[in-house]
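Coordinate inspection notes
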Amino acid sequence: MRSFINVEDIGPLEKAMAEAMEIKNDRFKYQHLGKNKTLMMIFFNNSLRTRLSTQKAAMNLGMNVIVLDVNAGAWKLETERGVIMDGDKSEHLLEAIPVMGCYCDLIGVRSFAGLTDREYDYAETVLNQFIKYSGRPVFAMETATVHPLQAFADLITIEEHKTVKRPKVVLTWAPHCRALPQAVPNSFAQWMNAADVDLVITHPKGYELDPKFVGNACVEYDQKKAFEGADFIYAKNWSNPGLTNPADYGKITCDDRSWTVDTEHMSWTNNGKFMHCLPVRRNLIVTDDVIESANSLVIPEAANREISCSVVIKRMLEAL
Amino acid sequence: MRSFINVEDIGPLEKAMAEAMEIKNDRFKYQHLGKNKTLMMIFFNNSLRTRLSTQKAAMNLGMNVIVLDVNAGAWKLETERGVIMDGDKSEHLLEAIPVMGCYCDLIGVRSFAGLTDREYDYAETVLNQFIKYSGRPVFAMETATVHPLQAFADLITIEEHKTVKRPKVVLTWAPHCRALPQAVPNSFAQWMNAADVDLVITHPKGYELDPKFVGNACVEYDQKKAFEGADFIYAKNWSNPGLTNPADYGKITCDDRSWTVDTEHMSWTNNGKFMHCLPVRRNLIVTDDVIESANSLVIPEAANREISCSVVIKRMLEAL
Amino acid sequence: MRSFINVEDIGPLEKAMAEAMEIKNDRFKYQHLGKNKTLMMIFFNNSLRTRLSTQKAAMNLGMNVIVLDVNAGAWKLETERGVIMDGDKSEHLLEAIPVMGCYCDLIGVRSFAGLTDREYDYAETVLNQFIKYSGRPVFAMETATVHPLQAFADLITIEEHKTVKRPKVVLTWAPHCRALPQAVPNSFAQWMNAADVDLVITHPKGYELDPKFVGNACVEYDQKKAFEGADFIYAKNWSNPGLTNPADYGKITCDDRSWTVDTEHMSWTNNGKFMHCLPVRRNLIVTDDVIESANSLVIPEAANREISCSVVIKRMLEAL
């Protein structure tokens, strides 16, 4: 595996799931694979879960880890040719990225959407520069439009907790006070489309996700109808994807707090499990009662980030 | 050992001292204990000695180490239930702490006193949240009211340098230009109470430490009388503990520079050794002459931080 | 080897080169040397290449690595005796440096020139304090006046790419928008003097480097004459070294953009290779065409930083 961005990159999901379970039973089984190999984790944005779980996964596999925190403001890379670089950008990406590749075997990149230029964000400009110029396998640690390590961990969590062969999974928008990217819902939708589940996506009108991620999912604007009979509720806020009105891209165009997932919402489901990728703003996305209930999976879901990442790094090490 | 906060946690001091000496002779003897185990060091406050010595101790024991710097201002955790989290706090401790516990085997926490709310500080609110919610053994890397890794290193240093069976040890307040917590003197007093020494505490009136730490020590307000016949002088500033006047908590209510430890002060002792936990402000806490003298133990004392921490981590690994 | 600052520290260059090639063929050959040894990397200034390549080299050699980022503004060390430390400096170097030495086996220090006080900078005050007080072998990761890890990597790169026994190597000044130190050109000149090359240094009048680094090099103020017949062009900006006019020290006294290395400049050479230590400001130091040409060695040169550093750390480990 040379890159890990979309669900196709991981191959058949049954095989990926089997490897996840094998690693969960013995996290150090493939430790020989990482000997004398170095992972470079490059953060253009802050991270808690991704940083800790990725570092842990790499160490489980016997790798050395170098963490590079790049304050997006402080380290501006020039991307154009021909520019006389006498401004605030002290290095060109055509030097910086190959140099980073010199000192490692694998690269993980976190680089969020700017939410001001849809075309730039959805072209995955930063991620693709690393793929093109680093000379190393690259995996996304949440980029402008995808967060596949999270979606893979979500899949593992659903497989572990499902009680029917093909569960009904609902991705629901919920309100938030800050404009958030679409990376998590995009990848979740993409992975659920590939999994053996019935996917329903519910959100206010105008918040339609990109069709390439929505795939064959059923889109239902009535949140109550969407929740009926659901086995899993996956809550997440995202800002306006700008498909209906391009000027709305990255904006908060709805603050309807009736979408907050509370016990009444959960009563509509089939004793549904509650999921969220964290961090979560309580009583905005979900009430205290729901997130603390026996049906809440948020902590095991976070714990599975170590497992999904271990499978991805294992695959990349095997392909070196 | 599930937590390391107070002197009782380490058990009989003779046994702890014997282990310290064993590890000092061979720092890598217990390296097998830490294989495939991960220490997470969480810093809500800056650190030099604690960070370096704890990381070194964990590596001596064969552990992987993840360091998490949490700028207290930037990462505000919500602690109340029922709050609609639409303000500056992006995560609730009830999610954040168990998630951190997911990715490691042991946790070290540094979180200083805020010095504005005595009750909050002395309840060790942050530390206890980690103990309650992380699911992992937790040790204090200086918290609101204690610094046991330092006190244990101090004990080792005194045992190594004492020339009588039961030395006289004097904890003396000294002036400082900033308001400092009471964690170091609290733990030092607690550990010396448990050790085979005669402990005298001297400070200006109004700076009385909490009785639970003072224990059976003799409190002497006359610094000269306190120093007479002392084998060890342990200097440290602390801000007003607020026991006499609660409104004074965390304030500087005395700036008497006659308390600065100089050669005249040391001449009152029994050729006493000088100790300080560092960092130290010269010519405020202690003069250049005293800290540079042959009787100064500040560097070996700092070096013993690696040893005290190694014993603590060893104990926690053995109990996993 | 107890310190690595000047070219003499590495001994005969033929031997150093042979070791570099040996390590480049098998980066992990000397991994046993670093077992249970710790490198402390202390950064008073930011770093990309040096940080990554040094960390990689130490891990190749089996060492543990502790990285300490010291924001020069936030951690001010008092250096004078007798000062009452009631200002912004919370620790004296006479405590801080030996304490850092307690927790490691080797120390790497990065500390740039302040460019305001030539005497202070050229005395290598910070580096020499570490050498004097840490009790550990110390190597420069770019200090006030030298960058020997870079110069050694440059030598390796020249040896790998030369097509004649004794190539002509030209160190050329180039314009820049910020005042930069002289560390890179100083060390490059020093190492080239010791190597089997013909060294020419070219720069505007007033930018003369310190004679102790210039050595026997030919200084040529006409850039075109300098370039004629060159096998290697090593471009670098530096600020005024203040030798002609002390008041000019650290200032930009020339902004002549005709010195920018472009294809016409390169046409004057003997099909010369282009080198630069990076980061480089394109179209100010060098044009896009030249740095992207087949004759550009900037990426292999950066990759050789891992090799030069591996040799230096290996030597220090062997001498412990």
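Note that the coordinates shown come from a computational prediction; the quantities given were computed from them, not determined experimentally. (Residues numbered from 1 in each chain as written. Chains lettered and ligands numbered in written order. Predicted model: local features only at pLDDT ≥ 70, side-chain atom pairs only at ≥ 80, totals over all residues. Heavy atoms only, no water.)

**Topic: the UniProt feature "domain: Aspartate/ornithine carbamoyltransferase Asp/Orn-binding" (unreviewed entry) in chain A**
As annotated by UniProt and renumbered to match this structure, "domain: Aspartate/ornithine carbamoyltransferase Asp/Orn-binding" (unreviewed entry) occupies residues 184-305 of chain A. Along residues 184-305 of chain A, the helical share is 30% and the strand share 12%, with 13 Å between the first and last C-alpha atoms. (UniProt positions renumbered as here; feature names shortened; annotations may be inferred. Helix = DSSP H or I, 4+ residues; strand = E, 2+ residues; numbered from the N terminus.)

**With respect to the side chain of Thr287 of chain C**
As for its position among the elements, Thr287 of chain C is in the loop between strand E12 (273-275) and helix H11 (288-291). The contact partners of Thr287 of chain C, leaving out residues within four places of it in the chain, are Thr260, Val261, Asp262 and Thr263 of chain C. (Contact = heavy atoms within 4.5 Å.)

**A few points about the environment of Asn270 of chain A**
Residues and elements named next belong to chain A. Secondary-structure assignment places Asn270 in the loop between helix H10 (263-267) and strand E12 (273-275). Classification of Asn270 by relative accessible area gives partly exposed; the value is 44%. Along the sequence, Asn270 and Ala96 sit 174 residues apart, while their C-alpha atoms lie 52 Å from each other. Sequence-distant contacts of Asn270, that is, excluding residues within four places in its chain, are made with Gly229, Ala230 and Asp231. (Buried < 20%, exposed > 50% of the residue type's maximum accessible area, 1.4 Å probe, protein only.)

**Quick word on the interface of chain C and chain A**
Listed by partner, the interface residues are 28 residues for chain C and 28 residues for chain A. Between chain C and chain A, roughly 2500 Å² of surface is buried when both sides are summed, and carbon and sulfur atoms account for 57% of that area. Together, Leu52, Arg281 and Arg282 of chain C form the three largest contributors to the area buried by chain C at its contact with chain A, with a combined 25%. Inspection of the region where chain C meets chain A yields five salt bridges. Across the salt bridge formed by Arg81 of chain A and Asp289 of chain C, the nearest N and O atoms sit 3.5 Å from each other. For the pair chain C and chain A, the number of links is 14 residue pairs in polar contact (both at pLDDT 80 or more). Going through the elements one at a time, helix H2 (49-60), H11 and helix H12 (298-318) of chain C are the ones with two or more residues in the side of chain C that touches chain A. By residue class, the composition of the side of chain C that touches chain A is 14 nonpolar, four polar and 10 charged. (Buried area = accessible area lost by both parts, 1.4 Å probe. Salt bridge = Lys/Arg side-chain N within 4 Å of Asp/Glu carboxyl O. Polar contact = N/O pair within 3.5 Å; in protein donor to acceptor, adjacent residues only side chain to side chain. Nonpolar A, V, L, I, M, F, W, Y, C, P; charged D, E, K, R; others polar.)

**Section: the packing of helix H6 (residues 148-161) of chain B against helix H7 (residues 183-194) of chain B**
Two packed helices can be described by the angle between their axes and the distance between those axes. Residue and element names in this part refer to chain B. With their axes 8 Å apart at the nearest point, H6 and H7 run at an angle of 45° to one another. One finds that H6 runs oblique with respect to H7. Along this stretch, H6 crosses H7, giving a crossing that reads as right-handed. Together, Pro148, Ala151, Phe152, Asp154, Leu155 and Ile158 of H6 and Ser187, Phe188, Trp191 and Met192 of H7 make up the contact between the two elements. (Axes fitted to C-alpha atoms, helices over the stretch in contact; angles between N-to-C directions. Parallel < 35°, antiparallel > 145°, perpendicular 65-115°, else oblique. Left-handed = near helix turned anticlockwise from the far one by under 90°.)

**Some words on empty space enclosed by the protein**
Under the counting rule described, the total for this entry stands at one cavity of 30 Å³ or more. Taken as a whole, the largest cavity encloses approximately 30 Å³ of empty space. Of the residues that constitute the lining of the largest cavity, the class distribution is three nonpolar, one polar and three charged. (1 Å grid on protein atoms, 1.4 Å probe; cavity = no way out; pocket = protein on both sides within 12 Å on 5 of 7 lines; lining within 4 Å. Points joined across faces, edges and corners; volume = space filled by probe spheres on them.)

**Considerations on unusual backbone geometry**
Residue and element names in this part refer to chain A. A cis amide bond links Leu278 to the next residue, Pro279, at an omega of 0°. Relative to the helices and strands, Pro279 is located in the loop between E12 and helix H11 (288-291). The phi dihedral of Leu278 is positive, around 65°, even though this residue is not glycine. As for its placement among the helices and strands, Leu278 is situated in the loop between E12 and H11. The exposure class assigned to Leu278 is buried, which follows from its relative accessible area of 6%.

**Considerations on the sheet that holds strand E9 (residues 198-202) of chain C**
All names here are of chain C. Strand order in the open sheet formed by five strands is E10-E9-E8-E11-E12, and the pairing between neighbours is parallel. What marks the edges here is a single partner per strand, and that holds for strand E10 (218-219) and E12. Here strand E8 (residues 168-173) runs beside E9; their pairing, made up of five bridges, is parallel. Note that in E9 the partner of Val170 across the bridge is Val200. (Pairing = 2+ DSSP bridges.)

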